[in-house]
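# Summary of structural features
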Amino acid sequence: AFVQKAFHQLPDLHWQQTLPEAEPAFQTLSFSCPRARELRRHLAQAEILTTTFAPPLHQLPAFRRSTFIRRADHATQLFEEVIRIPGVANQEETEWQELAKTIWAFFKV
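Residues numbered from 1 in each chain as written. Predicted model: local features only at pLDDT ≥ 70, side-chain atom pairs only at ≥ 80, totals over all residues. Heavy atoms only, no water.

### Here's the deal with the overall build of the protein chain
Test applied: Only DSSP runs of H or I with at least four residues qualify as helices, and only runs of E with at least two residues qualify as strands; both kinds are numbered from the N terminus onward. For every residue, the accessible area (1.4 Å probe, protein chains only) is compared with the maximum for its type, and the residue is labelled buried under 20%, exposed over 50%, or partly exposed between those bounds.
In terms of helices and strands, the protein chain carries four helices and two strands. For the protein chain, the α and β elements follow one another from N to C terminus as α-β-α-α-β-α. Counting only C-alpha atoms and orienting by the principal axes, one finds that the protein chain spans roughly 50 × 40 × 25 Å. Relative to its full complement of 109 residues, the protein chain shows a buried share of 28%.

Right, here's the structure in full:
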């Protein structure tokens, strides 16, 4: 409920859809953002660890010469735009509030 209230109103953050019969489990807070690179830098300055997905296979050296057929390169888009904040399952509410303040400050909303 806190994640819904604290983060879902931000216009530039995009969340994976949760089915009504499912309950999300937050081992890692994950969302995509068109300005992910800038937001990662902002979070790093606040000493908040972030990660992303592994690089798409077609970008790895072993596969660079392989044929890659696509209509849209969703894997690269996710790699560039997804921000993952690990370890959130163990955070106290005050830590969630600080994280929310830091992200909201980036957007200056």
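### Here we look at the side chain of Thr-76
What counts, and what does not: Only heavy atoms enter the contact rule, under which two residues are in contact if any of them lie within 4.5 Å.
Note that Thr-76 resides in helix α3 (residues 74-81). Note on Thr-76: relative accessible area 10%, which makes it buried. When sequence neighbours within four positions are dropped, the list of residues in contact with Thr-76 reads Pro-56, His-58 and Gln-59.

### Re the nonpolar core
To keep things clear, this is the line we draw: Residues belong to a common nonpolar core when they are buried Ala, Val, Leu, Ile, Met, Phe, Trp, Tyr or Cys residues joined through side-chain atoms within 4.5 Å.
Phe-7, Leu-29, Ile-85 and Ile-103 are the most contacted members of the largest nonpolar core, which totals 22 residues. Excluding residues that lie within four positions of it along the chain, Ile-85 makes contacts with Thr-28, Leu-29, Phe-31, Leu-43, Ile-48, Leu-49, Thr-50, Leu-99 and Ile-103.

### Observations regarding the pattern of salt bridges
Our working definition: Counted as salt bridges are all cases of a side-chain nitrogen of Lys or Arg within 4 Å of a carboxyl oxygen of Asp or Glu.
All chains considered together, the criterion is met by two salt bridges. The salt bridge involving Arg-35 is made with Glu-38; its shortest N-O contact spans 3.4 Å. By relative accessible area, Arg-35 is classed as partly exposed at 32%. A salt bridge links Glu-98 to Lys-101; its shortest N-O distance comes to 3.4 Å. Of the two residues, Glu-98 and Lys-101 both sit in helix α4 (residues 93-107), three residues apart, roughly one turn of that helix. A relative accessible area of 53% means that Lys-101 is categorised as exposed.

### Here's the deal with the environment of Val-88
Along the chain, Val-88 falls in the loop between β2 (82-86) and α4. Val-88 sits in the buried class, given a relative accessible area of 1%. For the pair Val-88 and Ala-44, spaced 44 residues apart in sequence, the C-alpha to C-alpha distance is 16 Å.

### Thoughts on the environment of Ala-105
When you line up the elements, Ala-105 lands in helix α4. What makes Ala-105 partly exposed here is its relative accessible area of 42%. With 63 residues separating them in the primary sequence, Ala-105 and His-42 have C-alpha atoms 9.3 Å apart.

### Quick notes on the environment of Thr-52
Selection criterion: Any pair of N or O atoms that falls within 3.5 Å is considered a polar contact. Within protein, one atom must be able to donate a hydrogen and the other to accept it, and sequence-neighbouring residues count only if both atoms are side-chain atoms.
Along the chain, the position of Thr-52 falls in the loop between α2 (36-45) and α3. Thr-52 sits 31 residues away from Ile-83 along the chain, and the two C-alpha atoms are 5.3 Å apart. Setting aside its immediate chain neighbours within four residues, Thr-52 contacts Arg-40, Leu-78, Phe-79, Val-82 and Arg-84. Of the polar contacts made by the side chain of Thr-52, one reaches the backbone oxygen of Phe-79; its length is 2.9 Å.

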